[in-house]
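Report on the structure
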Amino acid sequence: MSKALAAAEIISLAFSPPLLMASRAVRTAVRAAERPIVRIDVRRWVWRMRLRAERLRFLAGIGANDTRCLNIHVLPMSIARASAIMIVTLVASRVLGWLRLSVIGAHFGETPELDAFWAAFKIPDAIFGLVVAGALASAFIPVFTSYLAREREDEAWHVASSVMNFVLLLLIGFSIVMWIAAPYVVPTFVAPFHDPKQIALTVDLTRLMLLSPIFMGLSSLTTGILNSYRQFLSSATAPLVYNLVIILFTQFGYPFLGIHAVAIGVVVGALVMWLVQLPELTFRRTRYSFSLDLSHSGVRDVLRLAGPRTLALGAVQIVFFVDTYLAVGMPEGSLTALVYANQLLLLPLGVFSIAISAAVFPTLSHYASLGQVGRMRDTVQQAIRWILFLTLPTAIVMIVLRRPIVNLLFQYGSFGPEARELTQAAFLFYSLGLAGHALVQILARVYFASRDTTTPLALTLISIGSNVVLSVTLAPVLGINGLALANSIATLLEAGLLFILLASRARLRLVGLGVSTLKQISASLLMGVAMFGFINLTNLPFDLIKDPPKLTLLLQTILAAAVGGLVYLAAAYLLQIGELQEIVGVIRARVMRKRGP
């Protein structure tokens, strides 16, 4: 009986969600292991469970470091479950993001007011990227997670409080400075419009939205704390609320406030993003204080690690400002089309790459803090394969179906056929760099988890320099399409450099990754051929070449995507792509478990 109980406890440890495991189960297993009669069998069960965990570590997120006396170490939340939460919520967020852009486009279309809004949005977004995004992505989570991994939670919260207070002061200071300098900065560096009224509107909107980076900073730091605890639900839900608030303000405030309703929605949405995360943060036994201990070693680590990343993101803002500056000088509506095409690129990027990378990052930081290099390598390789498995076919869908996608998502109200054509053309060139954007997300986080922010900084600067040169060179020839193409080329270059340097450092299994990638590319190309053939076959008899009814176009697009998806899955099955086999294996295991023994 004791042997059966011990085995049951160990099985529950291997397969139960780690945050739900009671300490009583561990104590029971240890007591059973200490009994001479069952000790050998218990150890045999431990070895079996650990061998299975090694095979399923990426999907289960469970591992063991030591087999000597049932000394079991378990990661808090599985990467697969965290990725699933992030993907589901990000899908919903991106749907609302599309609806937000669609509502804004339907009300304003290719108007000078909307161009002024997108130009004004650049300065608050740049402040947030400079002050917060670098510290959160490259420094805060690894340092905070390292204290949690060593069971020094009080000290972790002391560091978090000091960093949060320091970042808040910086955000307020930058916002005040830019509020004063806006009349001089906007027409000189951001939006050199020819119409003085449009410049004045841009300055007014800029000043109004300078409150948003303060609330976005608080929201992002709260997200970093929750993700360090492997809590992803409320932080992933926050963007849903952000988009919903902007939609409501635009829809109901437009008749009274015009374009200012959208700007107010941005500020209120950023505030609500932070507020919705506070309840879950409270359950983490919040130990926030008003400390500003900049001399603490942990705070110094955050600032030291954040420095290179902040410089890199500052350089990235140069690309945004250069693109904005060049697009403003093009025909009216060019800037809006460029922004909409870029936002369409962020839809699959956020759903797959950012979701998986954000879910993997705390685990990478955990392994790095414990010096488990082999597990980091396995996790990174699996994440790369999964990201490419999802991203490559998505890029093909975006390229083949770009015109109906833009038509269905944005062509309403004031957003007419001319705006659609501008947007879909830029979207095509952005789509070429989707795989590069996706790989940069995960590869850069590997360096950050290892507390190396200098290498990504150097490679980002190379990419940015290439982007600026290509933008200035291609824009006079290709218009906004040249700006999108320059971005894709530079991003692919950055991803390639990150991977080449990481391959030798982490001893990645290049043959396995290369074979897997070739299989995925082949399956994706077959998928593209199938969709292209389906679109052309259905265009002829139903006369869908011009502007068809929305319902007919939606049906054609869904069927084309379904045909392409089936071809991709069939090709993946025939080519024996490992990710599809893992999905089938998990489904079979769940079906078998539901059926019972």
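All values derive from a computational prediction rather than experimental measurement. Here the residue numbers are simple positions, counted from 1 along each chain's written sequence. Only residues with pLDDT of at least 70 are given local features in this predicted model, and only at 80 or more are side-chain atom pairs given and counted; all residues enter the totals for whole chains, interfaces and linings. As a rule here, side-chain values cover all heavy atoms of the structure and leave hydrogens and water aside.

**Structural notes on the overall build of the chain**
- The secondary structure listing takes helices from DSSP runs of H or I that are at least 4 residues long and strands from runs of E that are at least 2 residues long, numbered from the N terminus. Across its full length, the chain holds 23 helices and 0 strands.
- Any pair of residues with heavy atoms lying within 4.5 Å of one another is described as a contacting pair. Across the chain, the fraction of contacts at a sequence separation of at least 24, relative to all contacts at a separation of at least 6, is 83%.

**Some words on the packing of aromatic side chains**
- Centres within 6.5 Å make a pair out of two Phe, Tyr or Trp rings, where for Trp the six-membered ring is used; the pair is then stacked when the planes are under 30 degrees apart, edge-to-face when over 60, and tilted otherwise. If you walk through the whole model with that rule in mind, you get 10 aromatic pairs.
- Between F108 and Y254, the ring centres sit 5.2 Å apart and the planes meet at 90°, which makes this aromatic pair edge-to-face. You can see F108 sitting in helix α5 (residues 79-108) and its partner Y254 sitting in helix α10 (residues 233-257), a full 146 residues away along the chain.
- Each ring is checked for a lysine NZ or an arginine CZ that lies within 6 Å of its centre and within 35 degrees of its normal; such an atom marks a charge sitting over the ring. Cation over ring: R207 sits above W179, and NZ or CZ is 4.1 Å from the ring centre.

**Observations concerning the confidence of the model for the chain**
- In the predicted model, the chain carries a mean pLDDT of 76, and the fraction of residues at 70 or more is 78%.
- Mean pLDDT in the chain bottoms out at helix α1 (residues 2-15), which sits at 37, and peaks at helix α11 (residues 260-275), which reaches 92.
- Confidence of the predictor at the level of single residues is captured by pLDDT, which takes values from 0 to 100. Counted against residues more than four places away or in other chains, residues 50-77, with its pLDDT under 50, gives 65 contacts.

**Some thoughts on unusual backbone geometry**
- With a phi close to 60°, Q576 is a non-glycine residue in the positive phi region.
- Tracing the sequence through the fold places Q576 in the loop between α22 (550-574) and α23 (578-595).

**Some thoughts on the environment of V563**
- Note that V563 resides in helix α22.
- With 29 residues separating them along the chain, V563 and F534 place their C-alpha atoms 7.9 Å apart.
- Not counting residues within four places of it along the chain, the set of residues in contact with V563 comprises A530 and F534.

**Let's talk about the environment of G512**
- Tracing the backbone through its elements, the reader meets G512 in helix α21 (residues 510-542).
- Taking the C-alpha atoms as reference points, G512 and R385, 127 residues apart in sequence, are found 9.8 Å from one another.

**Examining the nonpolar core**
- The set of buried Ala, Val, Leu, Ile, Met, Phe, Trp, Tyr and Cys residues whose side-chain atoms join them within 4.5 Å is what this entry labels a nonpolar core. Burial classes follow relative accessibility: with a 1.4 Å probe on protein chains only, a residue under 20% of its type's maximum area counts as buried, one over 50% as exposed, and anything between as partly exposed. Residues F117, F144 and I225 are the most contacted members of the largest nonpolar core, which totals 142 residues.
- Residue contributions to this core peak at 18 residues, all from helix α6 (residues 112-149).
- Contact partners of F144, with chain neighbours within four places excluded, come to A156, W157, A160, I225, S228 and Y229.

**Some remarks on the packing of helix α13 (residues 297-328) against helix α19 (residues 454-478)**
- Where α13 meets α19, the closest approach of the two axes is 8 Å, and the angle between their N-to-C directions is 10°. Classified by the angle between their axes, α13 and α19 sit roughly parallel to one another. Contacts between α13 and α19 pair P308, R309, L311, A312, A315, V316, I318, V319, D323 and L326 from the former with T454, L457, T460, L461, I464, N467, V468, S471, V472 and A475 from the latter.
- By the convention adopted, Pro, Cys, Tyr, Trp, Phe, Met, Ile, Leu, Val and Ala count as nonpolar, Lys, Arg, Asp and Glu as charged, and the other residues, Gly among them, as polar. Residue composition of the contact of α13 with α19, grouped by class: 14 nonpolar, 4 polar and 2 charged. Structural elements are reduced to axes, namely lines fitted to C-alpha atoms, with helices fitted over the stretch in contact, and the angle between N-to-C directions of any two is expressed from 0 to 180 degrees. Any angle that falls under 35 degrees is termed roughly parallel, while one over 145 is termed roughly antiparallel, one within 65 to 115 roughly perpendicular, and all others oblique.

**Digging into the environment of M209**
- Position of M209 relative to the elements: it lies in helix α8 (residues 196-209).
- Residue classification places M209 among the buried residues on the basis of a relative accessible area of 0%.
- When the C-alpha atoms of M209 and I123 are compared, they prove to be 8.8 Å apart, with 86 residues separating the residues in sequence.
- Those residues in contact with M209, other than ones at most four positions away along the chain, are F117, A120, F121, P124, A263, V266 and V267.

**Points about a nonpolar patch on the surface**
- Like charges are joined within 9 Å and nonpolar side chains (Val, Leu, Ile, Met, Phe, Trp, Tyr) within 5 Å, but only among residues with over 30% relative accessible area and no salt bridge; these make up the patches. Only the protein chains shown count as covering a residue, and every accessible area follows the Shrake-Rupley method with a 1.4 Å probe. The salt bridge definition used is simple: a Lys or Arg side-chain nitrogen within 4 Å of an Asp or Glu carboxyl oxygen. Where nonpolar side chains cluster on the molecular surface, the patch consists of L169, L292, L294 and L303 and spans about 340 Å² of accessible area.
- In this fold, L169 is placed in helix α7 (residues 153-190).
- Residue classification places L169 among the exposed residues on the basis of a relative accessible area of 54%.

**Looking at the pattern of salt bridges**
- Inspection of the entire model under this criterion finds 4 salt bridges.
- The salt bridge partner of R403 is E421, with a shortest N-O separation of 3.3 Å. Taken together, the positions of R403 in helix α16 (residues 402-410) and E421 in helix α17 (residues 417-431) put the pair 18 residues apart, joining distant regions of the chain.
- On the basis of relative accessible area, R403 is assigned to the partly exposed category, the value being 36%.
- The structure contains a network of salt bridges with shared partners spanning R403, R420 and E421.

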